[in-house]
Amino acid sequence: MNALPTTTDIAIDILDAPAAEAALPALADILRDCVANGASVGFMNWNTAADYERFWRDVAAGVAGGQIVLFVARNADGIVGTAQLHLIGKPNQPHRAEIAKVLVHSRARRQGIGEALMSRAEAIARERGRNLLVLDTDENGAARRLYNRLGWTELGTIPRFALMPDGAECGSTFFYKDLV
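Residues numbered from 1 in each chain as written. Predicted model: local features only at pLDDT ≥ 70, side-chain atom pairs only at ≥ 80, totals over all residues. Heavy atoms only, no water.

Caption draft 1: How the structure looks around the packing of helix H4 (residues 113-127) against helix H5 (residues 142-149). H5 packs onto H4 with a crossing angle of 50 degrees between their chain directions and a minimal axis gap of 11 Å. Here H4 is positioned oblique relative to H5, judged by the angle of their axes. For the pair H4 and H5, the crossing hand works out as right-handed. In this structure, H4 contributes Gly114, Glu115 and Met118 to the contact, and H5 contributes Leu146, Tyr147 and Arg149. (Axes fitted to C-alpha atoms, helices over the stretch in contact; angles between N-to-C directions. Helix = DSSP H or I, 4+ residues; strand = E, 2+ residues; numbered from the N terminus. Parallel < 35°, antiparallel > 145°, perpendicular 65-115°, else oblique. Left-handed = near helix turned anticlockwise from the far one by under 90°. Contact = heavy atoms within 4.5 Å.)

What follows is the structure, encoded as structure tokens:
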């Protein structure tokens with residue numbers, strides 16, 4: 001019986017804008033896979049490959065502009081996960097950032113990839129002077145358990161905040177983590 005890979009088999013990299021553009025097919029595939037498996041991540045079952053690619057091109061533009069730090073998780077199969085750190089640019093919030101789109105391909109789940117992505121995002125947030133992080137997630141998703149386990153503070157759930165890919169209503173649970 002094969003043991004599941006551990007986080008030692010995973011590399012977490014930060015992509016610059018050209019690398020994000022080059023990784024676009026893999027990133028679009030991860031997003032497509034997550035939506036196909038029911039993740040409420042801003043897309044619906046009817047979205048197309050072009051929609052996913054357009055999303056990642058916009059992320060690459062945010063990376064180029066310095067507003068987004070894009071992380072990818074790689075294992076022997078290539079890019080299998082991703083996360084974003086959105087650096088808040090408002091003059092009264094230089095200490096804050098938002099974690100977004102923590103996605104792991106279904107073939108690579110339950111191997112510590114989400115935790116590794118979050119750990120790296122928190123470390124980079126500290127390096128960039130951000131000591132208050134926020135995020136939101138589907139109220140019933142596995143990510144909620146992950147964030148609780150990683151010491152994030154759950155603030156509450158807004159019912160009917162978004163839709164699941166099939167159109168069903170979905171509440172979003174909001175979290176923060178104080179890195180001070």
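Picking up after the structure, the text goes on.
Caption draft 2: Up close: the pairing of strand E2 (residues 68-75). For E2, the tally of buried residues reaches seven of eight residues, placing the bulk of the element in the interior. Inspection of the sheet shows strand E1 (residues 11-15) paired to E2 by five bridges, in the antiparallel sense. Bridging across to E2, Ile14 finds its partner in Phe71. One ladder, built from eight bridges, connects E2 with strand E3 (residues 78-87); its direction is antiparallel. (Buried < 20%, exposed > 50% of the residue type's maximum accessible area, 1.4 Å probe, protein only. Pairing = 2+ DSSP bridges.)

Caption draft 3: Focus on the side chain of Ser172. Mapped onto the secondary structure, Ser172 falls in strand E7 (residues 169-178). Discounting residues that sit within four places of it in the chain, Ser172 has contacts with Asp136, Thr137, Glu139, Gly156, Thr157, Ile158, Phe161 and Ala162.

Caption draft 4: How the structure looks around the nonpolar core. Within the largest apolar cluster, 28 residues are counted, with the highest numbers of intra-cluster contacts made by Leu85 and Trp152. Elements supplying a minimum of two residues to this core: E2, E3, strand E4 (96-104), H4, strand E5 (132-138) and H5. It is H4 that provides the largest number of residues to this core, a total of seven residues. Not counting the four nearest positions on each side in its chain, Leu85 is found in contact with Gln67, Ile68, Val69, Phe71, Ala97, Glu98, Ile99, Ala121, Ile124, Ala125 and Leu133. Counting 24 residues, the second-largest nonpolar core is a separate cluster that includes Leu24, Ala28, Trp56 and Val59. (Core = buried A, V, L, I, M, F, W, Y, C linked by side-chain atoms within 4.5 Å.)

Caption draft 5: Structural view of the environment of Glu169. With respect to the element layout, Glu169 can be found in strand E7. When sequence neighbours within four positions are dropped, the list of residues in contact with Glu169 reads Arg160, Ala162, Leu163 and Met164.

Caption draft 6: Helix H2 (residues 24-36), seen in detail. Given a rise of 1.5 Å per residue, 13 residues ought to cover 18 Å, and the 18 Å separating the end C-alpha atoms of H2 matches this to within 8%. For H2, the complete set of buried residues consists of Leu24, Leu27, Ala28, Ile30, Leu31, Asp33, Cys34 and Val35. On its buried face, H2 sits against helix H1 (17-22), helix H3 (49-64), E2, E3 and E4. Remark: Gly38 follows H2 within two positions and exhibits a positive phi of approximately 90 degrees. (Expected span 1.5 Å × (residues − 1).)

Caption draft 7: Spotlight on unusual backbone geometry. In this model, Lys101 sits at a positive phi of 45 degrees, which is unusual for a non-glycine residue. Tracing the backbone through its elements, the reader meets Lys101 in strand E4. For Arg160, which is not glycine, the phi torsion reads 55 degrees and is therefore positive. Checked against the element boundaries, Arg160 lands in strand E6 (residues 153-163).

Caption draft 8: Molecular detail of the sheet that holds E2. Taken together, the seven strands give an open sheet; going across it, the order is E1-E2-E3-E4-E5-E7-E6, and neighbouring strands pair in mixed fashion. With partners counted over all chains shown, the strands left at the sheet margins are E1 and E6, one partner each. Looking at each pair of strands side by side, their axes are set apart by 25 degrees on average, direction ignored.

Caption draft 9: Representation of the layout of surface pockets within the structure. Counted as a void, the largest pocket has a volume near 1100 Å³. Lining the largest pocket are 39 residues; nearest its centre among them are Val102, Thr137, Ala142, Ala143 and Tyr147. Of all elements in the fold, only E4, H4, E5, H5 and E6 reach the threshold of two or more residues within the lining of the largest pocket. Looking at the lining of the largest pocket, the element that brings in the most residues is E4, giving seven residues. (1 Å grid on protein atoms, 1.4 Å probe; cavity = no way out; pocket = protein on both sides within 12 Å on 5 of 7 lines; lining within 4 Å. Points joined across faces, edges and corners; volume = space filled by probe spheres on them.)

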